[in-house]
Amino acid sequence: MKLPEAPISNPPQAYLDIILPLIGSARGFMENGESLVPVAFAGNLTTQKTMPVMMNARSDETKDESAAAIKHAAVLIEADFVFVVMEAWSLRPDKLHRYNEILDKYGSIGNSPYAIDVVTLSLETRHGMWLAQMPIKPKGHSKKKRTFGQPEFRFFTEAKGRFVDLLPAKDGGAQILH
């Protein structure tokens with residue numbers, strides 16, 4: 001089953017002003033030969049504060065603990081958004097249509113010979129979720145230094161998973177961004 005493709009759509013400027021430097025820092029870590037540790041940032045647009053939460057994705061239990069920690073941070077700063085940066089595996093574009101077959105055969109994308117390393121960015125807001133995924137490539141001829149391109153965000157009004165619905169409930173409904 002192939003999901004309909006969401007249109008490319010940048011998040012509103014208020015979010016971009018906060019997340020673009022975070023994306024630049026993530027790229028800088030990789031280009032300096034460092035690992036990209038999964039991290040979430042709970043953020044408040046009014047106060048311009050963000051709270052980083054280091055994530056652990058080694059097991060389902062630690063992923064659940066990380067999601068709970070992100071939710072807690074979001075409550076503490078009355079977050080308007082949660083921005084997640086992590087390294088992940090994805091299927092090569094020419095194998096996406098075989099997703100279920102590959103999962104059945106190999107058990108996970110990471111165990112398959114079709115996996116590629118990617119940086120995944122997700123921005124959850126009260127208006128929906130923006131996602132971007134960029135392949136990780138070597139930087140120059142280095143074996144340790146890596147980089148990724150500019151994100152092309154796609155907007156989704158519905159998403160499911162452990163790292164979704166991380167924002168606290170807010171009285172009065174969603175605010176409109178100008």
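To start, this report covers the structure provided alongside it.

**So, the packing of aromatic side chains**
- Taken as a whole and judged by the stated rule, the model has four aromatic pairs.
- Relative to Tyr114, the ring of Tyr106 has its centre 6.4 Å away and its plane inclined at 80 degrees; by these criteria the two rings are edge-to-face.
- Given the relative accessible area of 25%, Tyr106 is considered partly exposed.
- On the basis of an interplanar angle of 50 degrees and a centroid distance of 4.6 Å, the ring pair of Trp130 and Phe155 is categorised as tilted. In this pair, Trp130 sits in strand 5 (residues 128-138) while Phe155 sits in strand 7 (residues 154-156), placing the two residues 25 residues apart along the sequence.
- Using a relative accessible area of 23% as the deciding quantity, one classes Phe155 as partly exposed.
- Ring pairs connect the aromatic residues Tyr15, Phe81, Trp130 and Phe155, which therefore count as one cluster.

**A few points about the pattern of salt bridges**
- In total, this model carries three salt bridges according to the counting rule given.
- For Asp94, the salt bridge is made with Arg92, and the minimal N-O distance between the two is 2.9 Å.
- Judged by its relative accessible area of 42%, Asp94 is partly exposed.

**Considering the side chain of Ser90**
- Secondary-structure assignment places Ser90 in strand 3 (residues 81-91).
- Residue class for Ser90 comes out buried when judged on its relative accessible area of 10%.
- Side-chain polar atoms of Ser90 contact the side chain of Gln133, separated by 3.1 Å.
- Non-local contacts of Ser90, meaning those with residues more than four positions away in its chain, are made with Ile109, Tyr114, Ala115, Ile116, Val118 and Gln133.

**Comments concerning the pairing of strand 3**
- Buried residues dominate strand 3, accounting for eight of its 11 residues.
- Note that strand 1 (residues 39-44) and strand 3 share five bridges and pair antiparallel. Looking at strand 3, one finds that Val39 is bridged to Val85.
- Across 11 bridges, strand 3 lies against strand 4 (residues 115-125) in antiparallel orientation. Its bridge partner being in strand 4, Leu91 is matched across the sheet by Ala115.

**Quick word on the environment of Leu167**
- Relative to the helices and strands, Leu167 resides in the segment after strand 7.
- Residue Leu167 is classed as buried on the basis of its relative accessible area of 15%.
- Between the C-alpha atoms of Leu167 and Asp80, which are 87 residues apart in sequence, the distance is 7.0 Å.
- In this structure Leu167 touches Ala79, Asp80, Phe81, Val82, Glu124, Thr125 and Arg126, once residues within four positions along its chain are discounted.

Cut-offs applied
Residues numbered from 1 in each chain as written. Predicted model: local features only at pLDDT ≥ 70, side-chain atom pairs only at ≥ 80, totals over all residues. Heavy atoms only, no water. Phe/Tyr/Trp six-rings, centres within 6.5 Å; stacked < 30°, edge-to-face > 60°. Buried < 20%, exposed > 50% of the residue type's maximum accessible area, 1.4 Å probe, protein only. Helix = DSSP H or I, 4+ residues; strand = E, 2+ residues; numbered from the N terminus. Salt bridge = Lys/Arg side-chain N within 4 Å of Asp/Glu carboxyl O. Polar contact = N/O pair within 3.5 Å; in protein donor to acceptor, adjacent residues only side chain to side chain. Contact = heavy atoms within 4.5 Å. Pairing = 2+ DSSP bridges.

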